[in-house]
Structure formats: C-alpha cells, structure tokens
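# Structure at a glance
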Amino acid sequence: LYSGNIIDVGDTDGIEESLSWTFAIVSLMAISFREIWYFGAAYKSECGITLLTLPLMLDLNSRVPFTIPACALGMSVLAAGKVFEPCREDLIRSNSEFMAK
C-alpha cells in the first residue's frame, strides 16, 4: 500500500541524458553498419571513420577531443553522398554497382 512517503530518487537528468546519448550513438552505428553491409567498406570509408569514433563518445564525462568532429565529418560525407546515390540502390544490396556504370 502507498504510505504517502515520497522517495527521493535523486537527479534523473543525468540518467536521461546518458540514455538518449547512448541511443543516438547506437542508431548512428546501426546506420553505418548497414551502409557498409549494403555497399561495401571500399565505398563507405566515412562509415568506418564514424564507427571508430562513436564508441569513444559513449562516456559523457571523458570524450576524446577529436571524436565529435570526426564523427560529424563522416556523417556529413555520408549524407552528401546520399544525394547523388540512386534511390533503388538503398532497396537492393548491390555493393555500389551504380558507380561502375
């Protein structure tokens, strides 16, 4: 039964921030893995850079200084490349055959 006492669980902002940060990093890693799997590592080196830097960003208190710019650069290159990539290439795994044409 509820006794009316309120239990102070402390500051949950840090926990929520950590969980959202972890979810964002895991999402970016999933996107990078998918791109490498679909198109091959030779064509998606920016995803490799992103995958190397993302685990270094997991700890909110001790981030390695170059990780955020390197990750942002990798994701920016990936996003810019998506503009020039045919849409059908994202639906069927082809190892970037459109680049050979």
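Because the structure is predicted, anything quoted here is derived from the model rather than measured.

Now for the pattern of salt bridges. Scanning the entire structure with this criterion turns up three salt bridges. Ionic pairing is found between R34 and E35, a salt bridge with its closest N-O pair at 2.8 Å. By relative accessible area, which is 4% here, E35 ends up buried. Across the pair E35 and K44 runs a salt bridge whose closest N-O atoms are separated by 3.3 Å. Taken together, the shared-partner salt bridges in this structure form one network comprising R34, E35, K44 and K82.

This brings us to the nonpolar core. Among the nonpolar cores identified, the biggest contains nine residues, and these are I25, M29, C47, L51, L54, M57, C71, M75 and L78. Put simply, the parts of the chain that give this core at least two residues each are helix 1 (13-39), helix 2 (45-53) and helix 3 (67-84). When residues in this core are grouped by element, the largest group, three residues, is from helix 3.

This brings us to the packing of aromatic side chains. Enumeration according to the criterion identifies two aromatic pairs in this entry. Note that K44 overlies the ring of F39, its terminal NZ or CZ placed 4.8 Å from the centroid.

Here the focus is the side chain of S32. With respect to the helices and strands, S32 occurs in helix 1. When its relative accessible area of 0% is taken as the criterion, S32 is described as buried. Apart from residues lying up to four places away in sequence, S32 is in contact with C47, T50, L51 and M75.

Conventions and cut-offs
- Residues numbered from 1 in each chain as written.
- Predicted model: local features only at pLDDT ≥ 70, side-chain atom pairs only at ≥ 80, totals over all residues.
- Heavy atoms only, no water.
- Salt bridge = Lys/Arg side-chain N within 4 Å of Asp/Glu carboxyl O.
- Buried < 20%, exposed > 50% of the residue type's maximum accessible area, 1.4 Å probe, protein only.
- Core = buried A, V, L, I, M, F, W, Y, C linked by side-chain atoms within 4.5 Å.
- Helix = DSSP H or I, 4+ residues; strand = E, 2+ residues; numbered from the N terminus.
- Phe/Tyr/Trp six-rings, centres within 6.5 Å; stacked < 30°, edge-to-face > 60°.
- Lys NZ or Arg CZ within 6 Å of the ring centre and 35° of its normal.
- Contact = heavy atoms within 4.5 Å.

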